[in-house]
Structure formats: structure tokens, C-alpha cells
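Report on the structure
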Amino acid sequence: MRKHAQQLFVNCVAVSVILLGMPARSAIPFASGRAAHLAQVSQNPQTRTALDWFKAHLSWINDEQARLTEIPAPPFAEGQRAEAVKVLLAAVGLEVHLDKAGNVIGELRGANEREIILIAAHLDTVFPAGTDVKVRREKDRMYAPGISDNGTGLVSLVAIARALHEARIKPQRTVLFVADVGEEGEGNLRGMRALVDTYRDRLKAVVVMDGSGTEHVTTKALASRRMEAIITGPGGHSWSDFGIPNPINALVRASVRFLNTRVPASPRTTFNLGQVEGGTSVNSIPHEARLKVDVRSESEDELVRLENALRECMAAGVRDEMESARDRSKGKLEWKVETLGSRPGGELSSDSPLLASLRAADEYTSNSSRIERASTDANIPLSLGIDAIAIGAGGNGGGAHSLLEWYEPAGRELGLQRALLTVLGVSGIASEKGK
Ligand SMILES: [Zn+2]
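Nothing here was measured: the structure is a model prediction, and the numbers come from that model.

What counts and how
- Residues numbered from 1 in each chain as written.
- Predicted model: local features only at pLDDT ≥ 70, side-chain atom pairs only at ≥ 80, totals over all residues.
- Heavy atoms only, no water.
- Axes fitted to C-alpha atoms, helices over the stretch in contact; angles between N-to-C directions.
- Helix = DSSP H or I, 4+ residues; strand = E, 2+ residues; numbered from the N terminus.
- Parallel < 35°, antiparallel > 145°, perpendicular 65-115°, else oblique.
- Left-handed = near helix turned anticlockwise from the far one by under 90°.
- Contact = heavy atoms within 4.5 Å.
- Nonpolar A, V, L, I, M, F, W, Y, C, P; charged D, E, K, R; others polar.
- Pairing = 2+ DSSP bridges.
- Salt bridge = Lys/Arg side-chain N within 4 Å of Asp/Glu carboxyl O.
- Buried < 20%, exposed > 50% of the residue type's maximum accessible area, 1.4 Å probe, protein only.
- Donors = N, O, S within 2.8 Å, 3.2 Å for Na, K, Ca; no water.
- Tetrahedral: all angles 85-135°; square planar, octahedral: opposite > 155°, others 65-115°.
- Core = buried A, V, L, I, M, F, W, Y, C linked by side-chain atoms within 4.5 Å.
- Patch = residues over 30% accessible without salt bridge, like charges linked within 9 Å, V, L, I, M, F, W, Y side chains within 5 Å.
- Areas by Shrake-Rupley, 256 points an atom, 1.4 Å probe, with all protein chains shown as cover.

When two helices pack together, their arrangement is given by the angle between the helix axes and by the axis-to-axis distance. Packing of helix α10 (residues 353-364) against helix α12 (residues 412-427) brings their axes to within 8 Å, and their N-to-C directions diverge by 140°. With respect to α12, the element α10 is oriented oblique. Where α10 crosses over α12, the two elements pack in a sense that is right-handed. The segment α10 lies against α12, with P353, L354, S357, L358, A361, D362 and Y364 engaging R418, L421, T422, G425 and V426. Of the residues belonging to the contact of α10 with α12, the class tally is seven nonpolar, three polar and two charged.

As C-alpha cells, this is what we get:
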């Protein structure tokens, strides 16, 4: 990462040299002179103060990340962590409120309040209540469920807001710092859906901070469906009722059929049997069995095909079980497939101002990143034609969604600088007069 610092300096000089020949302008209208505008943001002395703030406060950032991660935020119970983020955002001078969905919204008012740039990080984790979320530090690593996804993103919100505050930067467009609810699993992006609903007409760009790293930028929203198959039956005793139809048997038969469904490598399409529930005891024939399935694809058609395949397999599994049942007198099996969530797809245009801003930030920080397709909070704005990206907040992480999740903060300032420059690139910095 030392190499980065050196290159950063070289780039600063290069940008400054280019700018010496340019008229000093501030709050340049966004559509025109985009390159000049982006350069103006990165060579602004206040921007440099903000960029430098990160490196000088890394241990504070790491400690706040650990503290936020240790506040449990299971699905649909993000309230306690939301309160903690609210306090942090209020401490850096933002006007903070919680909306009806439970999102924390901190406003940094711009000279132009009619236009909004949103930077968001999700509050929720995939881990159920009761999971041990204590952070363990070992050498340069932090271990805890949720430490990277999304402890890293959440603390980046706070750090970027604080860096802008310390550098006394007033944006041209209003910037909203949002810690949102319901990104993971069955949350079904409800926090982002509510935000886009509220701000839709004024929303010019959305930057989603999710997880660690700086090597990618998600500009393509991966469409997905989450479904639950439920099979019910009469239930009974394992010995005396042997031979009646068993919902778990049917679910297993159906699942094996579904596993044999072929999916294309291109358009990339995947499925996951993620959760199985059912039964009351080892010596009872269950009266219910449930299976949760996640399907994803680059193609909407493939999603529909898989959704249909799951239904057909459930029907066939139930039929197989009914046919092999010796005793049908106590009742038959019923089945249904419910949709738990549906995430729309979408794509950022390659000539969008937001992507130009990210690319300029990459160049400035000597970072290189590749375009990715993923399922994130950015799905919602992208599906509605609103510019959005999702990026990592720097450092390195692994084991997301597992109890062995880890995060290494080394070099995280690069990710924070990249995100800050991207946001300022689309928000602009207000002129002195506008203050
Ligand atoms: Zn995440």
C-alpha cells in the first residue's frame, strides 16, 4: 500500500499541473465539463484535507467498526445498531432521523437541496438473534460474524461523513448518509425500496457501500428470486402410522429432482437450497416440511424457468410420495411454493456520470477495478433507471455470511478515499459564496 501513497502523490501533482492552466471554477454544472469538474473536486484543498483524515484516524475507524459489529442486527431487528449509527452521524453535524422503515438518514445539506446523492450501507446481518458477535482481534485481523459484511460498509459511512465534516466541505448537491435496513435475505431490500420511494424524483445517484475490497464495482444488478416450498400432511407415529405419506420424504424426493435441473453457464444462472425445516421428533411422521431456495440469473427468462421447475419438482415429489404410500386413509399431502423475495435486475449505463466519477476516483487513487454483476441494494435504483453502484469500503475480508467471517483493515484508507471522491464527484463541492 506504500506504492499507492506514492502514486497518489504523483497523481496529485499531475492533476494540479493540468488545473494550473484552467480557470478556477466552482460548482460547475454537472453535465458539462465533466472531466474538469472531477479534476476540480480532487484538487480542491478541502478534498485533500478530507482524504488525509482517514489515514490519521485508522484506529478510530477500526474501533468503531468493531463496536458497531458487536451490536446485534439480525434480520428485521436492526433497531439497536441503527441508534448507534444515528449517534455517530449526528456527532459530525448531520441532521439525522429514522424513517418509517427503520433507515437512519443523515443529511449533509448541499447548495442545491433539490438534488440528492445517496450513500448507503446496510445495517442488517444474516445472523439470527443470539449469534455470538463478539469481535476477536488476532494480529492484523478482526473476526466476527458481520465484521466485513457490513461492519466495513457501515463504518465507512461514518468515516466519510466525518472526513467531510472535518474538512468543512459543503457539497453542491445534498448528500444523504443512510444506514438502511433489510438488505439481506428476506429483508428483500425493503430499506432501499423505501428510500427510493421517498426520494425518487430528486435522486441523482446512489453509492452503496457493501463489504470490503476495492477491486470491483457493481454496475449490473443480478436478478433473483427467493422461494419457500411447503409440504404438509396428516402426521403420525413412526411405528403405528408407518406407510402414511410423509412430507419430509416428499420434500427429499422433490429436492433430488430439482437438483438435477440443468442451468446454463451463460447466461450465468445459479440455485441454492438454503434452509430446510420440519418435523417434531425422530419418532414422529412430520406434518410439515419447508425448504427455502434462492435462484439467480443474468437472464430473467432463466429465473422464470427455474421458478417453474421448482414448482414442477414439488408437484412430482408429492406425487411420488403419495404413490408409494401404503396407507392413504389418514389424508394426503398438500404443497405450495411461496415467493419470499424478488430482486429486479438492471444495469448502469457505461456513460453515466456516476461511473465516470468512480473511474476518476480509481485513477486518482491508482486503483484498478473491474465491473461486476451482483445482488445488492443497488438493484432497486438500477431497476428504475437511477444511477447506482455498489463498491467495497477497502481493506480485505472473507467468510461473509459465515461464523468465521474476518476483516483485515490494512490499506482501508484507499477504499475510503475512493468512495469519498466518487461521492464528491457526483455531488460537487459548493462554491465559497454558497456557504
Ligand atoms: Zn452486504
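The structure having been displayed, the exposition proceeds.
A word on the sheet that holds strand β19 (residues 406-408). One open sheet accounts for four strands, arranged β4-β5-β19-β18; its pairing is antiparallel. Pairing within the sheet leaves two strands with one partner each, and these edge strands are β4 (136-138) and β18 (396-398). Here the average twist between neighbouring strands, direction ignored, is 20°. Examined bridge by bridge, β4 and strand β5 (residues 141-143) share three bridges and lie antiparallel to one another. The residue bridging E138 from the neighbouring strand is R141, located in β5.

Right, let's get into the pattern of salt bridges. In the structure shown here, the tally under the stated rule is 31 salt bridges. Its salt-bridge partner being R373, residue E347 comes within 3.4 Å of it at the nearest N-O pair. Of this pair, E347 sits in strand β15 (residues 346-347) while R373 sits in strand β16 (residues 370-374), and the two are 26 residues apart along the sequence. We classify R373 as partly exposed; its relative accessible area is 28%.

Moving on, we come to the coordination of the zinc ion. At the metal site, the zinc ion is ligated by H122 (NE2), D149 (OD), D210 (OD) and D210 (OD), and these contacts range over 2.0 to 2.8 Å. Angles of 51 to 150° at the metal separate the four donor atoms of the zinc ion, which places the site in the irregular class. In primary sequence terms, the donor set of the zinc ion follows H-x26-D-x60-D. On the criterion of sequence distance, the pair formed by H122 in strand β3 (residues 112-122) and D210 in the loop between β7 (203-209) and β8 (216-221) is long-range, its members being 88 residues apart.

Before going further, it helps to spend a moment on the nonpolar core. Most often, soluble globular proteins have nonpolar side chains that are buried together. Counting 79 residues, the largest nonpolar core has F54, L89, L118, I160, F177, M192 and L420 as its most contacted members. A total of nine residues in this core trace back to one element, the largest contributor, which is helix α6 (residues 151-166). Formed by 22 residues, the second largest nonpolar core is a distinct cluster that contains V293, V295, L306 and A309.

Moving on to a nonpolar patch on the surface. On the surface, I248, V252 and V256 cluster together into a nonpolar patch covering about 230 Å² of accessible area. Note that I248 resides in helix α8 (residues 247-259).

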